[in-house]
Amino acid sequence: MDTDTLKSVSDLPVPFRSAFSFRYFNSLQSECFPLCFHSDTNMVISAPTGSGKTVLFELCILRLLSKSISKEGRFYHAKGTLKTVYISPSKALVQEKLRDWSQKFNSWGINCLELTGDNETYNIRNIQEADIILTTPEKFDAVSRYRVTSGGLGFFSDIALLLIDEVHLLNDPRGAALEAIVSRIKILSSSPELRSSPLANVRLLAVSATIPNIEDLAEWLKVPAPGVKRFGEEMRPVKLTTKVFGYAAAKNDFLFEKRLQNYIYDILMQYSKGKSALVFCSTRKGAQEAAQLLAQVAMTYGYSNPFIKSKEQLDRLREASLACGDKQMQSYILLGVGYHNGGLSQKDRSLVEGLFLCGDVQVLCTTNTLAHGINLPAHTVIIKSTQHFNKEKGLYMEYDRSMILQMCGRAGRPPFDDTGMVIIMTRRETVHLYENLLSGCEIVESQLLPCLTEHLTAEIVQLTISDITRAIEWMKCSYLYVRMKKNPENYAIRKGIPKDRVEKHLQEVCVQKISELSRYQMIWTDSDGFVLKPQEPGRLMTKYYLKFNTMKYIMHAPAVCSLEEALHVVCRAEEISWIQLRRNEKKTLNDINMDKEGRLRFHVNDNKGKRKKRIQTREEKVFVLVNDWLTGDPSAHDLSMTQDANSICSNGCRIARCMKEYFVYKKNYKGFLSSTLLTKSLYQKLWDDSPYLLKQLLGIGMVTAKALHSMGVRSFEALAEADPRRIEIVTGRKYPFGNHIKESLSSLPPKVDITVREVECQKQGISKIAVTLTRLSEPLQSTKRHYADMIVGTEEENLIHFHEKIRMDDFSSPYSTTILLERPQQAKVTVKVDLIFEEYIGLDLHETLVLKKCNSAKVNYERRTSLPRRHPSSDVCKVEKDNKIESSMSAQKDQNTSMPTFKLIDEDSGEENEPHISMEEDDCMIINERTVFDHIREKAKRFPSLSTWNPASPTPEKPTRKRNSLRGEFPELSAEFHASQETPRNQIPQDPMLRTDAKDDEQNINPAENQGETQRPFSGETIFDHIRKKSKNFPVLNASKIDHPQNFLPRSNHSGIEHLNADPIIISCLEGGNAEAISSENCSRAYGMLSPSLKRASVALDPSPVEMLSFDISMMKRNTKQEEELGSSQFNTMKRKGLCSLVPVSVALFEASTCTERVSNPNGY
C-alpha cells in the first residue's frame, strides 16, 4: 500500500489527534481504520508480532469515546458509563499498556485501572469509576467470582468494548479462564434484563499472531466476514529468519538451562554477524551468569574481542563503567557485554539501556520482562531455554506462546536493519511445537473441558446460570462448542458423527457435570434437576479458585479435625499435585522424617504408628517438607526442595483459608481452630510453637532471630522490653539497628484484652455469656489493616455459637456482645472464647468459661419464671388423697431484697406427709413482689388447722406416678425440698369442717380418677362453679364494708386468655389498697398440697384497687415499679373507706379447686 492510500492522523476528530505521535498509519492500520473507527463491527485480526496491532486497540477506544463528543466538537465524559476491558495474558504487557494509555488518555479524564496479581489496592468503587480496565484472564475471572454479593458483577452492564490481546492463548492451559469470561460476557449480553445497557451491544476485538484457524475464532466471537483480517509476514517491517535448536535433556531443568550457556557464544559468532544481540534468560541469576560467561570468553581474545569494534567505543565504555554502581556490571561493560534485570538500580538500568541502543554494548543478557517493557530491538534474539520458573507452582514450565512471540518481536531494527534473526534453544522433544508456532501452523484448540466443572460452578455462583437450559446455552457460547464440531476426536467424540449428535453430547456432558456438583452439595437442584442454585461449598470453591477434587477433600475432613488432619488435606490438594518425588531427594527426606533432634511437629508414620524410614509418595514428601519448613529453621537446603516448599506454603495458605470458612459454615469449632492456625502458619512459614516467631517482623531474618533467641528474646513482649543496645551487641550490628528492630513492633495490631463472664439470664435452660473486648493500646496511623476472628464455641458439642470478623484498628472499645447458649441443666458446658488474629502468630487470646450444673433452687426458679408467656397447660394436677398435711415454720421475712428468699417444698420426699407453712401476722402491710410470700405465710396462721386425711385410704397410683415424673424432670427442686423442715403430722390440730371438705374433695375433685376415666382439664366456668358450691361450707366472711367489689376489679385484655365472668374472691386486709385474687394453683402450692406446674401462664395486670394475687415471679418483676408508686395513695384511699377491716378469707377456699390448673384471668379471677 503506497503513501497515497495510507490513512492520516488528521482523519480523526480534532480532540483525538494528539493521541498519536506520527502523521500516517502504516498499511495494516490503514486497512483496518474504516472498520475500527467508523463502525462498531466485531473484528478478529491475525498479524505477525511487531506489525502495529496496538494502534488498532486505540482506534477502537477512540471510537467509543467519540460518542461523548458534542456537535460543537467538545468532549464530554461521564466516568465509568462506557467501559473498555483490555485482557492480556501477561502482567508485564498489562503494565506496559497502562503506562502508555494513562499518558495518552488521562488528559481527557479517562481513568485507567490495572487488575493483576501485583495490584491488590482496588475496591468496588475503583472498578465502578474506571473507564479502561486492564487485566489478565485469571484476575478478571477471580475478581468477578467472589465479589458477586458486593457488586462484583455490577460493572458488567457498563462494558461496551472488550479487547483481547494474544487470543491464541486459548491453546494454553491458561486459556480456559479467557474462554470462560468471554462466554460469560456473551451470555450476559443476550440477557433480556440488560437489553438497555451498553453490554447488550458490546463490541469484541481480538488480535493474535499468525494462526491457521482464524475462522473458528470469528465464529466464536460472532465476527462478520468483513471483520476478519489476516496478514502474513509481508506486514512485518523487517524480514525475520527463525531457527529452532534442540538439545538433550539434563538431570533437572536447572542444570539444563545452565548447560545451554556454553553454546551462546558460538551461536552469536555464527548468526549475529557482529550486530547487536539480546539473550533472553528465565531468571535474574541466569542473566548474570550468561553475561559473566560471555565476558570471560571475550577476555581470552584480548584486543581481538569480537564485541569491541573501535578505540572510541572502548573509551566510551570505560567512562560508562566508572558511572556504573554495580561492581559486576563495571567489569562486563568494559568487554562490550551487559545484563539487565529488575535487581539493578534505576540509574544502572538506564545506563545499560543507553549503551545498548547506541551500540557500545553489543550483547545484552536480560530476563523475559524486557520483551514487554522498554523497546530495545536487536538484530539477533536468542531465547535460552523455552522454560521459565513459575513462582506460584514452584517448577519450570514452558513459556506461554504469547511470551515467545513477544520475544521474537524484538528481532530486527527497522531503521538500521532489513533482516532479523531469532534462535530458540529448547529440548529435542519440543522442537516441532516452536517450529509450528513460528510458521503459523499451530491450530488453536479449546482447553475448557478439563476444568469445565470449576467454571460451570463459578457461573452458577454468579447467577449467570439459573437452570439447566441456561447452562447448555452457556456452553454453546464457548469456544469448546465451536471446536467440538470441527475436531470432535480431540474431545473424546467419534469422528464423523452428525452435528446434532455433537450438540446432544454437549448436553450430556453438561447434565453429567451438574449432577456431580449436586451430589457433592456444591449446588442445589430441584426434584427435576432443572433449577440450579449455589450452595456454600460451591461459593467457597469459586471464591478461592480451587479445584473440584480439592474441595471434596475439604468437605470429607473429619468432624473433629485436628491440625495434623488439616495439613493432610492440604498435602492431597490437586493444586500442588505437580510436585514430584525425585530420586536424589529421598535420602534427605528420610533423615528429616526420622527427626533425631525432635524438631518436627508431625511425622510420617507407618501402620504401627512408628516413623517411616522411607518416604515413598509425593504426599509424604509434601508432608515432611512442609513440617521441616514450618520449624522456622529448615534443614532442606536443596534448591528444588526450597522452591517446592515455597509453592506448598503459597498454595496451601489459600486452601487452608477456604477450609477455615467451610468450618465456619459447618459451625465446626475444632476444625475452625485447626484450619485457622494452619492458614497463618503457612502464610508466615512458622508453627505457633516455633522459637523464631520474631521472623514475622520486617527486618528480622533467620540470623537475627537466632541471635535474639540466644539472649532470651523469643516473643513480641520480650522484644518490647529488650534493650536496643544489647540487641546490637548480640546481633553484631551497629547503632541504630536495635532501635529499628524495636520500631518494627509498630507494625503489629494494637494490644487488646478479652473477658468473658456469665450474666443472669431469665430463660430456663439458657446461659447468657457476655464477651467484652477492650483495646489496651492506641492503634498507630498506618495504611495496613489488622483483622481478627472472634469465635465463641462449646468444647463438648464442638459447635460454633458466635463468629465475627473485627477490624482491630477502629472497633469501638470496649466492644461487648452477648451470646445465648442452650444447655441441659444437669450438664457441664465448657465455653471457649478465642480472638484469633488473621495474620500474626503469637498474639491470639483464648479464654475459657466452665458452666457447671446449677443446684440452686433460687436460680432455677428465677429462670423458670422468666420463660416466655404460654397458654395454660392442658395437664391436670391431682392431689394425692391420703397425704397428711403438716405445718412447719420455714420462712423468713426479708423486705430489703428485691425477691423474697424462700424454699420450695418437696412434695414427694419419701414420706406420706406434706409440710404446712405458717407465718406471723402483720396487719395492714403493703403487698408487693417483695412481701407476697411473707404475706401468705403470715395469714396462714389465722386459718383453721387442716386435719389429716384418713391414712387408711389407699393412695392412688396415678397421681404418684405423675409427681414422681415431676421430680425426675426437676431434680434440683426435689433436692431443695429435702432441705426444708418437716413437722410431724401428729402436731397438726384437726378440724372437722375441713376434714369434711377433704372428703368432698376426694369425691368431687377427681371424679374421672374414681371412675377410671381419662382426665381432662377444667374450663374457667367449671372452676368457679365448683368454688361457689364449696364456698357454702366455709365460715361466713365479714364483708360488710365492701359496697361494690366489682368496682375494684382491674380491666386487662390479654390475647389467648379466656375472660371469665364470675364473682371475685377478696383477700383479707387489702394491703396498700390492693385487693388481689389468688390463683388456685399458687394457693395450693403455698400449702404444699400441689406439685409444681410444668407450664404456667403469666399475665401482667395494671395496678388497681383490687388486684389478683399471682405467684408468677416474672409478672411481679414487671409490675414492681408501678405497684410501689401507686401503693401509697391507694392505701390511704381504701383505708378511709374501711376496706382494711375485711375479715381474712381462708385460703382453704381455694383448696377445693386444687384439682385444676392455674388459670390467669384478665378480670382478676
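Rules used throughout
- Residues numbered from 1 in each chain as written.
- Predicted model: local features only at pLDDT ≥ 70, side-chain atom pairs only at ≥ 80, totals over all residues.
- Heavy atoms only, no water.
- Helix = DSSP H or I, 4+ residues; strand = E, 2+ residues; numbered from the N terminus.
- Buried < 20%, exposed > 50% of the residue type's maximum accessible area, 1.4 Å probe, protein only.
- Contact = heavy atoms within 4.5 Å.
- Areas by Shrake-Rupley, 256 points an atom, 1.4 Å probe, with all protein chains shown as cover.
- Polar contact = N/O pair within 3.5 Å; in protein donor to acceptor, adjacent residues only side chain to side chain.
- Expected span 1.5 Å × (residues − 1).
- Bend = angle between axes of the 7 residues up to and from the residue.
- Patch = residues over 30% accessible without salt bridge, like charges linked within 9 Å, V, L, I, M, F, W, Y side chains within 5 Å.
- Salt bridge = Lys/Arg side-chain N within 4 Å of Asp/Glu carboxyl O.
- Phe/Tyr/Trp six-rings, centres within 6.5 Å; stacked < 30°, edge-to-face > 60°.
- Lys NZ or Arg CZ within 6 Å of the ring centre and 35° of its normal.
- pLDDT = per-residue confidence, 0-100.
- Axes fitted to C-alpha atoms, helices over the stretch in contact; angles between N-to-C directions.
- Parallel < 35°, antiparallel > 145°, perpendicular 65-115°, else oblique.
- Left-handed = near helix turned anticlockwise from the far one by under 90°.
- Nonpolar A, V, L, I, M, F, W, Y, C, P; charged D, E, K, R; others polar.
- Core = buried A, V, L, I, M, F, W, Y, C linked by side-chain atoms within 4.5 Å.
- Pairing = 2+ DSSP bridges.
- Disulfide = S-S within 2.5 Å.

Observations regarding the overall build of the protein chain
- Summing up its helical and strand segments, the protein chain has 38 helices and 26 strands in all.
- The proportion of buried residues among the 1165 residues of the protein chain is 55%.
- Within the protein chain, counting contacts between residues at least 6 apart in sequence, those at least 24 apart form 73% of the total.
- Surface accessibility of the protein chain: about 52,300 Å² in total, with carbon and sulfur atoms responsible for 49%.

Description of the side chain of Asn213
- The residue Asn213 is located in the loop between strand E6 (203–208) and helix H7 (214–220) in this model.
- At a separation of 3.0 Å, a polar atom in the side chain of Asn213 contacts the main-chain carbonyl oxygen of Val444.
- Side chain to side chain, Asn213 and Tyr479 meet in a polar contact 3.2 Å long.
- Residues in contact with Asn213, not counting those within four places in the same chain, are Ile443, Val444, Tyr479 and Arg483.

A short note on helix H24 (residues 639–666)
- With 28 residues, H24 ought to run about 40 Å at 1.5 Å a step, and its terminal C-alpha atoms sit 40 Å apart, in line with that.
- Gly652 marks where H24 bends most, by close to 25°.

Re a nonpolar patch on the surface
- A cluster of nonpolar side chains, contributed by Phe254, Leu255 and Leu639, occupies part of the molecular surface with about 240 Å² of accessible area.
- Note that Phe254 resides in helix H8 (residues 253–271).
- Looking at Phe254, the relative accessible area reads 31%, which means it is partly exposed.

Things to note about the packing of aromatic side chains
- Inspection of the entire model under this criterion finds 20 aromatic pairs.
- Residues Phe22 and Phe25 carry aromatic rings whose centres are separated by 5.6 Å and whose planes lie at 80° to one another, so their mutual orientation is edge-to-face.
- Ring geometry for Tyr265 against Tyr301: centres 5.9 Å apart, planes inclined by 25°, an arrangement best described as stacked. With a gap of 36 residues between them, Tyr265 in helix H8 and Tyr301 in the loop between helix H9 (284–300) and helix H10 (311–323) connect regions that are remote in the sequence.
- Of the residues examined, Tyr265 reaches a relative accessible area of 9% and is grouped as buried.
- Each residue in the set Phe20, Phe22, Phe25, Phe33 and Phe37 is aromatic and connected to the rest through ring pairs, giving one cluster.
- Sitting above the plane of the Phe811 ring, Arg775 keeps its charged end 4.3 Å from the centroid.
- Sitting over the face of the ring of Tyr787, Lys805 holds its NZ or CZ atom 5.1 Å from the ring centroid.

Details of the confidence of the model for the protein chain
- Taken residue by residue, the protein chain gives an average pLDDT of 74. The fraction at 70 or more is 70%.
- Under a pLDDT of 50 for its full length, residues 1037–1165 has, in the predicted model, 331 contacts with residues more than four places off or in other chains.

What about the side chain of Asn590?
- Among the structural elements, Asn590 can be located in helix H22 (residues 586–594).
- Among all residues touching Asn590, those that are not within four sequence positions of it are Lys613, Arg614 and Ile615.

Re the packing of H22 against helix H23 (residues 618–629)
- Orientation of H22 relative to H23, taken along the N-to-C sense of each, is 60°, at an axis distance of 10 Å. Considered as vectors, H22 and H23 are oriented oblique to each other. Crossing of H22 over H23 shows left-handed handedness. Counting all contacts with H22, which are made through Leu589, Ile592 and Asn593, the residues of H23 involved are Lys621, Val624, Leu625 and Asp628.
- Broken down by class, the residue content of the contact of H22 with H23 amounts to four nonpolar, one polar and two charged.

Section: the nonpolar core
- Met551, Ile554 and Leu678 are the most contacted members of the largest nonpolar core, which totals 83 residues.
- Considering every element that reaches this core, the biggest residue donor is H24, with eleven residues.
- Dropping the residues within four chain positions of it, Ile554 is found in contact with Leu546, Val569, Ile655, Cys658, Met659 and Tyr662.
- With 63 residues, the next largest nonpolar core counts Tyr247, Met329, Leu370 and Cys408 among its residues.

Looking at the sheet that holds strand E22 (residues 815–822)
- Taking strand neighbours across the sheet as the criterion, the three strands line up as E18-E19-E22 in an open arrangement whose pairing is antiparallel. Strands with a single pairing partner mark the edges of an open sheet, and in this sheet they are strand E18 (752–759) and E22. Sheet twist, expressed as the mean angle between neighbouring strand axes with direction ignored, is 20°.
- Of the pairings in the sheet, the one linking E18 to strand E19 (residues 766–775) comprises eight bridges and is antiparallel in character.

Things to note about the sheet that holds strand E23 (residues 829–837)
- An order of E21-E20-E23-E24 is seen for the four strands of this open sheet, with the pairing classed as antiparallel. Each having just a single partner strand, strand E21 (799–807) and strand E24 (845–851) make up the two edges of the open sheet. Going across the sheet, the axis of each strand differs from the next one's by a mean of 10°, ignoring polarity.
- Summarising the sheet, E23 and E24 pair through seven bridges and their orientation is antiparallel.

Examining the pattern of salt bridges
- Under the criterion given, the structure shown has 37 salt bridges.
- For Asp40, the salt bridge is made with Lys67, and the minimal N-O distance between the two is 4.0 Å. Of the two residues, Asp40 sits in the loop between helix H1 (27–38) and strand E1 (43–46) while Lys67 sits in the loop between helix H2 (54–65) and strand E2 (83–87), which places them 27 residues apart along the sequence.
- Note that Arg470 and Glu473 form a salt bridge whose closest N and O atoms lie 3.8 Å from each other. Pair noted here: Arg470 and Glu473 are both in helix H16 (residues 468–476), with a separation of three residues, about one helical turn.
- The class for Arg470 is buried, based on a relative accessible area of 16%.
- Looking at Glu473, the relative accessible area reads 32%, which means it is partly exposed.
- Through salt bridges with shared partners, one network takes in Asp216, Glu219, Glu445, Arg483, Lys485 and Lys486.

Things to note about the environment of Ile727
- Mapped onto the fold, Ile727 is located in helix H28 (residues 724–731).
- The spacing of Ile727 and Met711 is 16 residues in sequence and 8.4 Å in space, taken between C-alpha atoms.
- Non-local contacts of Ile727, meaning those with residues more than four positions away in its chain, are made with Leu708, Met711, Leu719, Ala722, Gly738 and Lys742.

Let's talk about the environment of Lys275
- Among the secondary structure elements, Lys275 is positioned in the loop between H8 and strand E9 (277–281).
- Note: C-alpha distance between Lys275 and Gln362 (87 residues apart in sequence) is 6.8 Å.

Brief notes about the environment of Phe156
- Along the chain, Phe156 turns up in the loop between helix H5 (137–146) and strand E5 (159–164).
- For the pair Phe156 and Lys83, spaced 73 residues apart in sequence, the C-alpha separation works out to 8.7 Å.

A look at helix H19 (residues 536–543)
- Within the sequence span of H19, burial applies to Pro537, Gly538, Leu540, Met541 and Thr542.
- Taken from the residues just after H19, Tyr545 is the one with a positive phi, measuring 55°.

Examining the state of the cysteines
- Applying the stated criterion to the full structure yields zero disulfides.
- Free of any disulfide, Cys32 has its nearest cysteine sulfur in Cys36, 5.3 Å distant.

Some thoughts on the packing of H1 against H2
- Close contact between H1 and H2 brings their axes to 9 Å; oriented N to C, the two are set at 25°. Classified by the angle their axes make, H1 and H2 are roughly parallel. Note on packing geometry: the crossing formed by H1 with H2 is right-handed. Each of Leu28, Gln29, Cys32, Phe33, Cys36, Phe37 and His38 in H1 lies in contact with H2, whose residues at this interface are Val55, Leu56, Leu59, Cys60, Leu62 and Arg63.
- Split by residue class, the contact of H1 with H2 holds ten nonpolar, two polar and one charged.

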